[in-house]
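What follows is the residue order along each chain.
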Amino acid sequence: MADVRSIHTHPRHLEQPPARRGFVALDVGTARTRSMSSGGCAVADRPSAITGGPSGVPGPVRPLRHGVVADPAAYLRLVRLVLLEARWSGAWPPERVLAGVPVTATPDDRRAVGAAVAEVAGCEATLVEGPLAAAVGAGLDIAGPRPCLLLDVGAGLAEAVVIDGGVITDAAVLQLSATTGTGLPLYALDGVVGMTAGLLRRLPGRPRPAGLVVTGGGARQAPLLERLRAALRVPVGAAPEPGHATIRGLVSLCLRPDPEARATAGGR
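Keep in mind that this is a model prediction, so the values were computed, not measured.

1. Re the nonpolar core
No. 1: Ranked by internal contacts, the top residues of the largest apolar core, which has 28 residues, are Leu26, Tyr75, Val79, Leu83, Val97, Val113 and Ala121.
No. 2: Breaking this core down by element, the ones donating at least two residues are strand 1 (23–28), helix 1 (72–89), strand 6 (96–101), helix 2 (107–121) and strand 7 (125–129).
No. 3: When residues in this core are grouped by element, the largest group, eight residues, is from helix 1.
No. 4: In contact with valine 79, other than residues within four places in its own chain, are Leu26, Ala116 and Val120.
No. 5: The next biggest cluster of nonpolar side chains, apart from the first, holds 26 residues, and it includes Ala160, Leu176, Leu199 and Leu200.

Quick look at the structure:
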């Protein structure tokens, strides 16, 4: 049985899902996949690995590597499983799907996400840079007069970004090839801290960010926060429920009535 974590469960006794249209927010990460629909009442959280891969591939298959699609067929199957939840929540067929992608996602990466969503949901996907969505989910004023500094640490990717005027104006990315049961190994800690410090150093002039907000599963690692404070010498704090910051931000962007406001968050 799939490992699915959510605050509430959706009813399964209906023979046919209601035909009410809405949105689906989709955050597919290297290790975990989070989703929420307009008809749902909680974030669905499941492993990104799926079983039953192609013949000759033993064990679970991971469709993503370093946050981008590595196995399009497996990614399509994962998206199909996730969007099945939306059918039962009443948001089917959706009018739109917002999906998070890494800052470094290539046109091919974006096409792979868009093609999977279009095949399963029958609508075009609006792609949003994951760290920008995480900033919205963390409650940062991304359009305010002062730039925001955010570090998102996932299982396969760490992304440090500067957000100014509602868009990402600078970014640094580090691929993570190994994690431990207690978080990032020592070499990865050093790499993430050095990357973030370098991004802060190259920020021009003033105003400066008020501090650094950390999101993603790595935000729960106290040694990472301590090292960041010592190296950056600015206030550093983890967002509330940091692993769900990106999906919260995607949902918030879905709820904005102004299409142009959603477009500011990324593009198609």
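Still to come is the rest of the account.
2. Some points on the packing of helix 4 (residues 186–201) against helix 5 (residues 222–232)
No. 1: Contact pair helix 4 / helix 5: the axes reach a minimum separation of 10 Å and the direction vectors enclose 35 degrees. With respect to the hand of their crossing, helix 4 and helix 5 are arranged in right-handed fashion. Counting all contacts with helix 4, which are made through Leu186, Leu189, Asp190, Val192, Val193, Thr196, Ala197 and Leu200, the residues of helix 5 involved are Pro223, Leu224, Arg227, Leu228, Ala231 and Leu232.
No. 2: Class assignment of the residues belonging to the contact of helix 4 with helix 5 gives a composition of 11 nonpolar, one polar and two charged.

3. Remarks on the side chain of arginine 34
No. 1: Tracing the backbone shows arginine 34 in strand 2 (residues 32–37).
No. 2: Within the structure, arginine 34 has its side chain in polar contact with the side chain of aspartate 45 (distance 3.1 Å).
No. 3: If sequence neighbours within four positions are ignored, arginine 34 has contacts with Ala25, Leu26, Asp27, Val43, Ala44, Asp45, Gly243, His244 and Ile247.

4. Quick notes on the environment of leucine 84
No. 1: Tracing the sequence through the fold places leucine 84 in helix 1.
No. 2: Under the relative-accessibility criterion, leucine 84 is labelled partly exposed at 42%.
No. 3: Placed 37 residues apart in sequence, leucine 84 and alanine 121 show a C-alpha to C-alpha distance of 9.5 Å.

5. Some remarks on the sheet that holds strand 12 (residues 236–238)
No. 1: Spatially, five strands are ordered 10-9-8-11-12 in an open sheet, and the strand pairing comes out mixed. Edge positions in the sheet fall to strand 10 (167–175) and strand 12, since each of these pairs with one other strand and no more. Neighbour to neighbour, the strand axes of the sheet diverge by 20 degrees on average, direction disregarded.
No. 2: Where strand 8 (residues 148–153) and strand 11 (residues 212–215) come together, four bridges link them in parallel fashion. Each residue of the ladder has a partner; that of leucine 151, found in strand 11, is valine 214.
No. 3: The sheet strands contacting helix 4 are strand 8, strand 9 (157–164), strand 10 and strand 11, and the helix crosses strand 10 at an angle near 155 degrees.

6. Description of the pattern of salt bridges
No. 1: Following the criterion strictly, the structure yields seven salt bridges and no others.
No. 2: Arginine 32 is the partner of aspartate 45 in a salt bridge, and the nearest nitrogen-oxygen pair spans 2.9 Å. Residue aspartate 45 is located in strand 3 (residues 44–47), and its partner arginine 32 is located in strand 2; the two are separated by 13 residues in the primary sequence. Each member of the pair, aspartate 45 as well as arginine 32, is classed as buried.
No. 3: With a closest N to O distance of 3.6 Å, glutamate 119 and arginine 80 form a salt bridge. Highlighted residues: glutamate 119 in helix 2 and arginine 80 in helix 1, separated in sequence by 39 residues.
No. 4: A cluster of three or more residues bridged by salt bridges with shared partners is formed by Arg32, Arg34 and Asp45.

7. Quick notes on the environment of glutamate 159
No. 1: Relative to the helices and strands, glutamate 159 resides in strand 9.
No. 2: Classification of glutamate 159 by relative accessible area gives buried; the value is 6%.
No. 3: Through-space distance from the C-alpha of glutamate 159 to that of leucine 174 is 6.6 Å; in sequence the pair is 15 residues apart.
No. 4: Setting aside anything within four residues of it in sequence, one finds glutamate 159 in contact with Pro102, Val103, Thr104, Pro131, Leu150, Leu151, Asp152, Ala172 and Val173.

About the criteria used
- Residues numbered from 1 in each chain as written.
- Predicted model: local features only at pLDDT ≥ 70, side-chain atom pairs only at ≥ 80, totals over all residues.
- Heavy atoms only, no water.
- Core = buried A, V, L, I, M, F, W, Y, C linked by side-chain atoms within 4.5 Å.
- Buried < 20%, exposed > 50% of the residue type's maximum accessible area, 1.4 Å probe, protein only.
- Helix = DSSP H or I, 4+ residues; strand = E, 2+ residues; numbered from the N terminus.
- Contact = heavy atoms within 4.5 Å.
- Axes fitted to C-alpha atoms, helices over the stretch in contact; angles between N-to-C directions.
- Left-handed = near helix turned anticlockwise from the far one by under 90°.
- Nonpolar A, V, L, I, M, F, W, Y, C, P; charged D, E, K, R; others polar.
- Polar contact = N/O pair within 3.5 Å; in protein donor to acceptor, adjacent residues only side chain to side chain.
- Pairing = 2+ DSSP bridges.
- Salt bridge = Lys/Arg side-chain N within 4 Å of Asp/Glu carboxyl O.

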